[in-house]
Structures are given as structure tokens and as C-alpha cells.
Amino acid sequence: MNAITNHLPTAELQALDVAHHMHPFSTQNDFNDTGARVITQAKGVTLTDSEGAQILDAMAGLWCVNIGYGREELADVAARQMRELPYYNTFFKTTHVPVIALSAKLAELAPGDLNHVFYAGSGSEANDTNMRLVRHYWSAKGKPSKTIFISRKNAYHGSTMAGASLGGMVPMHQQGSLPIPDVHHINQPNWWAEGGDMSPEEFGLQRAQELEEAILELGEDRVAAFIAEPIQGAGGVIVPPETYWPEIQRICDKYEILLIADEVICGFGRTGNWFGSQTVGIKPHIMSIAKGLSSGYAPIGGSIVCDEVAEVVAATEFNHGYTYSGHPVACAVALENLRIIEEENIIGHVRDDVAPYLKEKWEALADHPLVGEAKIVGMMGSIALTPNKETRAPFAADTGTVGYKCREHCFGNNLVMRHVGDRMIISPPLVMTRDEVDTLIERATRALDLTFEQIKAEDLYK
Ligand SMILES: *Cc1c(COP(=O)(O)O)cnc(C)c1O
């Protein structure tokens, strides 16, 4: 691949960037001096920056580039679709071929009677749709008082008003008067941080039963739905104890509330099945999708809805939709992405080959003096950094201080591994090879070693 050289020198790009580009989830002034890293190209699992550094992307962008970078087929399909029909809407009794084909394909891939798709431009928008759709559904069924969504602390459901409200991120709620009314958060099944003296099994059961307590307290006639990620992603790749999801399913079945699985990360092979719901054994009424749906090559999201909900809504006018709902280019790109995942058996590669290999190496990181637990499901994993594995103690510094240092050492060693507080997380492209796993583990280990040395020197390891 030829390097792109017809751009401005890095320093000039960086100066223009800080002058005119507002970065999401960043303290902009932190990089006024250093500038942001400019990524210019990518292929497979590897990014190239404007200085020519080759960086292993163990986050698949933002959890989304499932089939890896640089697949020409997606570029070809996008160009062809732009020439044929770059845009048309699906409001007012019109439709088009890519949206029909993608919807039929998603209905085939999604489990059970999840047969209907409402499109959005992103995962956040999909969850906005879910909030309006579910409330409208209950109202259309003659139960307009069922408006409350139960979600979880430290959940991530996006950054729009509804998405951030459904999410349980305190720093997000602190900005912009969130959450909006009628969103209730229960505790998360994060045993490492919150399990105390309980066994993971007891703890998982107890945290699931908080859903039942919340329903009884708020009133079954008030609760519309429970929403959760099968495995929390942005919250730190929190893998719930085995006892958690069966109990949640039991409670959702017992009371008349809808179960919404936010599959934005877990969907499309990430956990070794098409959907995370299949991996954790649940039967949602609605699934939110985005990210891996197009492997990030085009912005697209949506809600896959079960027969019953879709039928009730179909009898009414649902006053909701986005200009880019079912955008033809995005749909064509998503469809081609699904074709590649299916025909190249990428989920089989995850399940039977690369994920078991990665799991073995990843779990061995727990032997490092800085690492408490190492958790992984399919191609999403996390390690908890701690000064004391036995007591699961935090560091004698603000949460995230050590995680951030480790992330900087990762970047310094040409590895993108993120931190959430003092947990390090990965979510690499699903097409990763065993050799690339070895490189990932090598660089991660080096970053852990450097972090360990640094915090001992700074007297933070005690
Ligand atoms: C990323 C994410 C979202 C939001 O998707 P955007 O495309 O960023 O709006 C929603 N839910 C989950 C679980 C996510 O990881």
C-alpha cells in the first residue's frame, strides 16, 4: 500500500485540528500543545499515522471494524450504489432495493421472531427510537402509563439525550440535565468492583433481583422495558456472573415488560455468535444494532423488533424517523459486510480459532503483578489493574490514574488498548490472526511492565 503523502505536514494538520475541530469525549485543551495523533490509513488490524507509525488497533476503531480495515469490496459497493441511487427516503410509502435486501437479511440472521427493522444513523439514535417506539407500543395497547425504562449504572447506550439517559455514566448525566424523566437505574453486575465478600454466583443473582425489586417498587403498570448490553462494553467490558442473565430473563418473563438487548457492540460476531443475546442465552423483544453492522465503513444503526411489537405499531402512525433511516449507500455497505462475515465464516474463525487462542493468552495476563482478574468473551476482553489481587483493592490515586498511564504506554508501544478507570479493555477486529494476537499480547505485556515500573517509582503501588 502506498502511503498518502499529499497532505499537510503533521504539525500543520494538528494545529488546524485543535483550532477548528471539537473532539468528542475529550478535554480539548489537553492536546493544544501536543496535537492529536493523525491516522491516515489502515489495513487489516493495523493503523498508519501521518508519521508512518504502524499501530495495532486492538479496539477495532470504536468496537466497530469487525471485518478489519481496507476491504475493497465495501468501497466498490458504496461507489456503485452512489452512482445508481445515492439517496432516497423511506417515508411516505416509498422504499428501495438496498433497504429491502438488508432488512430481509437481518430478519434471517436475528434469532426467533425478531423480523422487523427500523433504521437509524447510529446506535444512539437506535436507542432514541427504542424509547419512543416502546412507549408508543404500550400506549397503542391501551397501557399509556407504562413509560419507565429500567437500565443499569455504568451502562453505555449512546450520547444523545435518550441514549445518555438510558446509559448509566455519571459524568455524562452531570452535563445537560440528564437523565430525562422516567429512566431508572439499578446496579450493574460488576463483581470485581462491587461484589464484596459474595461469590460471583451469589452476587450475579442478587444484582439481577434488583430488577424485580425495581419493578415491584415502581409498579408493573409503570414499567415499559429493561434495557442492557449482553456484556457491558464501554463500562469496562464487564462480563456478568453466569447466574445473572437467566435470572433477568425469568423476571422479564414474569412481569409484563419488554427486554431490549443493546447489541451495538455484542452484535455481528463479537462474542462468537451473530448476537450477544445468543451467547448469554436471552430472548429480547428488541435489539439495538450499529457498529459491526457495517464494520464502521458507513454510519448506520437500527432496532430489530419482534413480531408482536411490530404488529401493534403497524396499526398506528408512528411519528418518528430520520432523514437517513435506511440510507441506500449505508444499507448496501452493511449488506456487503454481512455477506463477507457469512461467506468467510468470520464468526466460525472467532468461535473455533482466534477467540480460544486469545482467551488463553489474555487470561495468562492475570499472572502479571499489576493484574487482578482477566475476563474475555469472544473478542472483547478486560483486565483489572490493582495493587492487591487478594483484596481487589483500588490504587491510592484517583480512579483511572494508573489505567491512563498504561494506555499511554500502550500507545507508545504502537498498540491501541483503552482504559476505563483502572480496567484495560480490548475489542480487536474479528479477522485477527494468531500471529497478531501474539503481537497484541507482547505489546500489552510490555505496557504493563512499563506501567508497573512507573507506578512503583511514583509510590502508587502499595
Ligand atoms: C457505541 C454504543 C452505542 C452508541 O452508538 P453510536 O453509534 O456511537 O451512537 C450504543 N450502545 C452501545 C452498547 C454502544 O457500545
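A quick note: this is a predicted structure, and the numbers were derived from the prediction, not measured. (Residues numbered from 1 in each chain as written. Predicted model: local features only at pLDDT ≥ 70, side-chain atom pairs only at ≥ 80, totals over all residues. Heavy atoms only, no water.)

(A) The side chain of Asn-127, seen in detail. The residue Asn-127 is located in helix H5 (residues 123-140) in this model. Ignoring any residue separated from it by four or fewer positions in sequence, one finds Asn-127 in contact with His-157, Leu-166, Ile-227, Asp-262 and Ser-288. (Helix = DSSP H or I, 4+ residues; strand = E, 2+ residues; numbered from the N terminus. Contact = heavy atoms within 4.5 Å.)

(B) Broad picture of the packing of H5 against helix H12 (residues 307-314). Following both chains from N to C, one finds H5 and H12 inclined at 70°, their axes separated by 9 Å at the closest point. For the element pair H5 / H12, the angle class is roughly perpendicular. Judged by residue contacts, Leu-133, His-136, Tyr-137 and Ala-140 of H5 engage Glu-308, Val-309, Val-312 and Val-313 from H12. Of the residues in the contact of H5 with H12, the class split is six nonpolar, one polar and one charged. (Axes fitted to C-alpha atoms, helices over the stretch in contact; angles between N-to-C directions. Parallel < 35°, antiparallel > 145°, perpendicular 65-115°, else oblique. Nonpolar A, V, L, I, M, F, W, Y, C, P; charged D, E, K, R; others polar.)

(C) Representation of the layout of surface pockets. What the second largest pocket holds in volume is close to 760 Å³. Around the second largest pocket sit 26 residues that line it, and Thr-90, Val-117, Phe-118, Phe-318 and His-320 are the ones nearest its centre. Mapped by element, the contributors of at least two residues to the lining of the second largest pocket are helix H4 (97-109), strand S4 (114-120) and H12. For the lining of the second largest pocket, the element with the highest residue contribution is S4, accounting for four residues. When grouped by side-chain class, the residues that make up the lining of the second largest pocket number 13 nonpolar, 11 polar and two charged. (1 Å grid on protein atoms, 1.4 Å probe; cavity = no way out; pocket = protein on both sides within 12 Å on 5 of 7 lines; lining within 4 Å. Points joined across faces, edges and corners; volume = space filled by probe spheres on them.)

(D) Fine view of the pairing of strand S10 (residues 301-306). Counting buried positions over the six residues of S10 gives six, a clear majority of the element. Two elements, S4 and S10, share six bridges in a ladder whose sense is antiparallel. Looking at S10, one finds that Phe-118 is bridged to Ser-303. The pairing of strand S9 (residues 286-289) with S10 spans four bridges and is classified as antiparallel. The residue bridging Ile-286 from the neighbouring strand is Val-305, located in S10. (Buried < 20%, exposed > 50% of the residue type's maximum accessible area, 1.4 Å probe, protein only. Pairing = 2+ DSSP bridges.)

(E) Examining the pattern of salt bridges more closely. Evaluated as defined, the whole model comprises 24 salt bridges. Across the salt bridge formed by Asp-353 and Arg-434, the nearest N and O atoms sit 2.8 Å from each other. Taken together, the positions of Asp-353 in helix H14 (residues 346-364) and Arg-434 in helix H16 (residues 434-457) put the pair 81 residues apart, joining distant regions of the chain. For Asp-353, a relative accessible area of 25% corresponds to the partly exposed category. For Arg-434, a relative accessible area of 39% corresponds to the partly exposed category. (Salt bridge = Lys/Arg side-chain N within 4 Å of Asp/Glu carboxyl O.)

(F) Quick peek at the UniProt feature "modified residue: N6-(pyridoxal phosphate)lysine (covalent)" (unreviewed entry) in the chain. Cross-referencing UniProt, the feature "modified residue: N6-(pyridoxal phosphate)lysine (covalent)" (unreviewed entry) maps to Lys-291 in the present numbering. Locating Lys-291 in the fold gives a position in the loop between S9 and S10. Other than its neighbours up to four places away in sequence, Lys-291 contacts Leu-62, Trp-63, Cys-64, Val-264, Ile-265, Gly-296 and Ile-300. (UniProt positions renumbered as here; feature names shortened; annotations may be inferred.)

(G) Representation of the environment of Trp-245 in the model. Along the chain, the position of Trp-245 falls in helix H10 (residues 244-254). Separated by 40 residues in the primary sequence, Trp-245 and Leu-205 place their C-alpha atoms 8.6 Å from one another. Beyond its immediate sequence surroundings of up to four residues, Trp-245 is in contact with Arg-152, Phe-226, Ala-228, Glu-229, Pro-230, Pro-240, Leu-259, Val-280 and Ile-282. At 2.9 Å, the side chain of Trp-245 and the backbone oxygen of Pro-230 are in polar contact. (Polar contact = N/O pair within 3.5 Å; in protein donor to acceptor, adjacent residues only side chain to side chain.)

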